[in-house]
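# Breakdown of the fold
Chain by chain, the residues run as shown.
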There are 2 protein chains.
Amino acid sequence: MPYTKESLLETHRRIQPYIHRTPVMTSETLNRMAGAELFFKCDNFQKMGAFKMRGAANAILCLSDEARSKGVATHSSGNFAQALALSAKMLGVKAYIVMPSNSPAVKKAAVRDYGGEIIECVPTLQAREDTLQAVVERTGATFLHPYNQEEVILGQGTAALELLEDVTGLDFLLAPVGGGGLIGGTALAARFFSPKTKVMAGEPFGADDAWQSKQAGQLIPQTNPQTIADGLRTSLGDKTFPLIRDFVEKIIRVEEREIIEALRLLMERMKIVAEPSCAVPLAAVLKEKEPFQGKRVGIIISGGNVDLKMLGELFS
Amino acid sequence: MPYTKESLLETHRRIQPYIHRTPVMTSETLNRMAGAELFFKCDNFQKMGAFKMRGAANAILCLSDEARSKGVATHSSGNFAQALALSAKMLGVKAYIVMPSNSPAVKKAAVRDYGGEIIECVPTLQAREDTLQAVVERTGATFLHPYNQEEVILGQGTAALELLEDVTGLDFLLAPVGGGGLIGGTALAARFFSPKTKVMAGEPFGADDAWQSKQAGQLIPQTNPQTIADGLRTSLGDKTFPLIRDFVEKIIRVEEREIIEALRLLMERMKIVAEPSCAVPLAAVLKEKEPFQGKRVGIIISGGNVDLKMLGELFS
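Cut-offs applied
- Residues numbered from 1 in each chain as written.
- Chains lettered and ligands numbered in written order.
- Predicted model: local features only at pLDDT ≥ 70, side-chain atom pairs only at ≥ 80, totals over all residues.
- Heavy atoms only, no water.
- Domains from an automatic or database assignment.
- Buried area = accessible area lost by both parts, 1.4 Å probe.
- Salt bridge = Lys/Arg side-chain N within 4 Å of Asp/Glu carboxyl O.
- Polar contact = N/O pair within 3.5 Å; in protein donor to acceptor, adjacent residues only side chain to side chain.
- Helix = DSSP H or I, 4+ residues; strand = E, 2+ residues; numbered from the N terminus.
- Nonpolar A, V, L, I, M, F, W, Y, C, P; charged D, E, K, R; others polar.
- Core = buried A, V, L, I, M, F, W, Y, C linked by side-chain atoms within 4.5 Å.
- Buried < 20%, exposed > 50% of the residue type's maximum accessible area, 1.4 Å probe, protein only.
- Contact = heavy atoms within 4.5 Å.
- Phe/Tyr/Trp six-rings, centres within 6.5 Å; stacked < 30°, edge-to-face > 60°.
- Lys NZ or Arg CZ within 6 Å of the ring centre and 35° of its normal.

### Section: the domain arrangement of chain A
Residue and element names in this part refer to chain A. As assigned here, chain A comprises domain 1 (5–50 + 150–315) and domain 2 (53–143). Each of domain 1 and domain 2 has a C-alpha centre, and these two points are 24 Å apart. Carbon and sulfur atoms make up 62% of the surface buried where domain 1 meets domain 2, a total of about 1,700 Å² over both sides. On the domain 1 side of the contact with domain 2, Arg14, Tyr18 and Met48 bury the most area, a combined 37% of that side's loss. Summed over the shared surface of domain 1 and domain 2, the result is three salt bridges. With its nearest N and O atoms 2.6 Å apart, the salt bridge here joins Asp43 to Arg54. Across the contact surface, domain 1 and domain 2 share nine residue pairs in polar contact (both at pLDDT 80 or more). Counting only elements with at least two residues in the side of domain 1 that touches domain 2, the list comes to helix H1 (5–15) and helix H8 (150–166). If you tally residues by element for the side of domain 1 that touches domain 2, the top one is H8, at eight residues. A class-by-class count of the residues in the side of domain 1 that touches domain 2 yields eight nonpolar, eight polar and nine charged.

### Digging into the nonpolar core
In this structure, Phe40(A), Leu266(A), Leu282(A), Phe40(B), Leu266(B) and Leu282(B) are the most contacted members of the largest nonpolar core, which totals 82 residues. For this core, the element with the most residues is helix H13 (residues 276–287) of chain A, which contributes eight residues. Excluding its chain neighbours within four sequence positions, the residues that come into contact with Leu282(B) are Leu30(B), Leu38(B), Phe40(B), Ala262(B), Leu265(B), Leu266(B) and Ile299(B).

### Overview of the pattern of salt bridges
Residue and element names in this part refer to chain A. Per the counting criterion, the structure on display carries 40 salt bridges over all chains. Here Glu37 ties to Arg296 by a salt bridge, and the two come within 3.6 Å at their closest N and O atoms. Taken as a pair, Glu37 in strand E2 (residues 37–42) and Arg296 in strand E10 (residues 296–301) lie far apart in primary sequence, 259 residues in all. On the accessibility criterion, Glu37 (36% relative accessible area) is partly exposed. Its relative accessible area of 25% is what places Arg296 among the partly exposed residues.

### Focus on the packing of aromatic side chains
Residue and element names in this part refer to chain A. In the structure shown here, the tally under the stated rule is three aromatic pairs over all chains. Ring centres 4.9 Å apart and planes at 70 degrees place the aromatic pair Phe172 and Phe292 in the edge-to-face group. Note that Phe172 is positioned in strand E7 (residues 172–176) and Phe292 in the loop between H13 and E10, a separation of 120 residues in sequence. Note on Phe292: relative accessible area 0%, which makes it buried. One Lys or Arg, Arg253, reaches over the ring of Trp211 and ends 3.3 Å from the middle of that ring.

### Let's talk about the side chain of Ser302(B)
Following the sequence through the fold, Ser302(B) ends up in the loop between strand E10 (296–301) and helix H14 (308–315). Setting aside residues up to four positions removed in sequence, Ser302(B) forms contacts with Asp43(B), Asn44(B), Gly49(B), Ala50(B), Phe51(B), Pro176(B), Leu182(B), Ser277(B) and Cys278(B).

### Regarding the interface of chain B and chain A
On the side of chain A, 24 residues touch chain B, which itself brings 24 residues to the contact. Carbon and sulfur atoms supply 63% of the area buried between chain B and chain A, which totals about 1,900 Å² over both sides. Looking at the side of chain B facing chain A, the largest losses of area belong to Phe45(B), Lys271(B) and Leu308(B), adding up to 35% of the total buried there. Put simply, chain B and chain A have four salt bridges between them. For the pair chain B and chain A, the interface holds eight residue pairs in polar contact (both at pLDDT 80 or more). Elements with a contribution of two residues or more to the side of chain B that touches chain A: helix H12 (256–270) and H14 of chain B. Ranked by residues supplied to the side of chain B that touches chain A, first place goes to H12(B) with five residues. For the side of chain B that touches chain A, the residue count by class is nine nonpolar, seven polar and eight charged.

Below, the structure is given as structure tokens:
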């Protein structure tokens, strides 16, 4: 699927019946702290609680009827697992989800609630890939990648598309970067619909493969990520790296304590439940204040599926 | 100030420049759990984080210029303190807030941030009243009651007014009951603008003075309240009790564990940060399911000013 203005609009039309158009929220207190006008696109209010619903729905909708009849499969410990399970359920498609055995209980329960069939494996990348391969061979299901796939990237780009429709004249647009599906789609949306908007990413210092890859001009895989932002521990893929290399102006890295402080602000000031990953772009804007002074800044709040117990420990 | 359709509309016009029109949110999961269509009026997104902003703004706006020049005063350990401080700041009025010395730090800090002058006292009702009296005598400030005052009750009623404007055909409308300002205003709004809507209140078993008062047909003060719903520990007042006696159909009492479970649902499913008090009406609807089956039910989410550390302990 080509990356064009039309393909992004077509993607949005295709998935619209299966997603929420999420609200844009603002906070006078956070504006004052940042010295900027911040517009938060709240995809924590998305169906199943994260933007991943957009890409998952699009990927299934792009399959042939025959492929759909055999089901879809993925490996994910996080939101893409839930997103694929729910999208598949809504479309009457079987979903096989390979999950590491140490995935949070709340995420496993959610996948099951959405009707996904969980196949557990030991928590290594090799085991995930081997187990997935076996599932695909056994069932004929189509493997859908959590981020390294055009249909998924375009789907994730619809969050920024909606934000750009709802808020005009954004000077900056920020999203977190993990595997790169969200920031990649965001960069495409800005390029097609608001070329003057500069796209930046927030990334934890403890999982800065995107920053390193961009510096080096080549994909450097993530090894041993150390961050509470569990959605951002993955490596970029060969389909997402070029988008970041070419269309993302800058990657701002933040410390763990800055992520926690930004998360506290989202909860205390905006009264929204957000995952640690969501707090990374806000932390970036509050850290590197200078370029954003007096500017209109869009921030994608990527998801709200967080273990309340973990949150409790964070703030205790 | 009389309770009429016109006075409520006038109140809403008066305070509109100083408040947010908060969104109404829904959740398919919670609808399924309740067997009803639930419409949450999210005043946790209100300025300073709670519906109290409405009544506080109205009470100050109804004062004469001379009274305003001498300031306003109240005693409150909670949201009304912040609401009065912020309303006063917006209107260029001095606010004196008597707070018990054991008030949560986050609430004291917020009052100070909003420019309120805090006068601390020992945490007894007698000390609060004596200290307030001394402040009023010293400054000439006007005492504004957190709930037992017509202007405040009408102000709080504007949350329900907005909900009834945004969602038609509600069969039920629920709010928590503490001092009775919110449920009293809610009952007035329903009576004036949607007389077929039945108004009910949720109340913790551990602070059930409203239920007891309604049963007895006379005001029975709250003594020794035991509930995590800190906004609901107060007694009804002589101005709020008659509204509850005459216009509230039923008070549903809930256990502490039911409040915590409902709070978890608001956070996990709706992704909103809410105070324990907010969860009480949802807990009531999930407990006494029968009357609500297949009905359209409005619920006022009263506020989101919660100590994250306390939340953490609740869910750990």
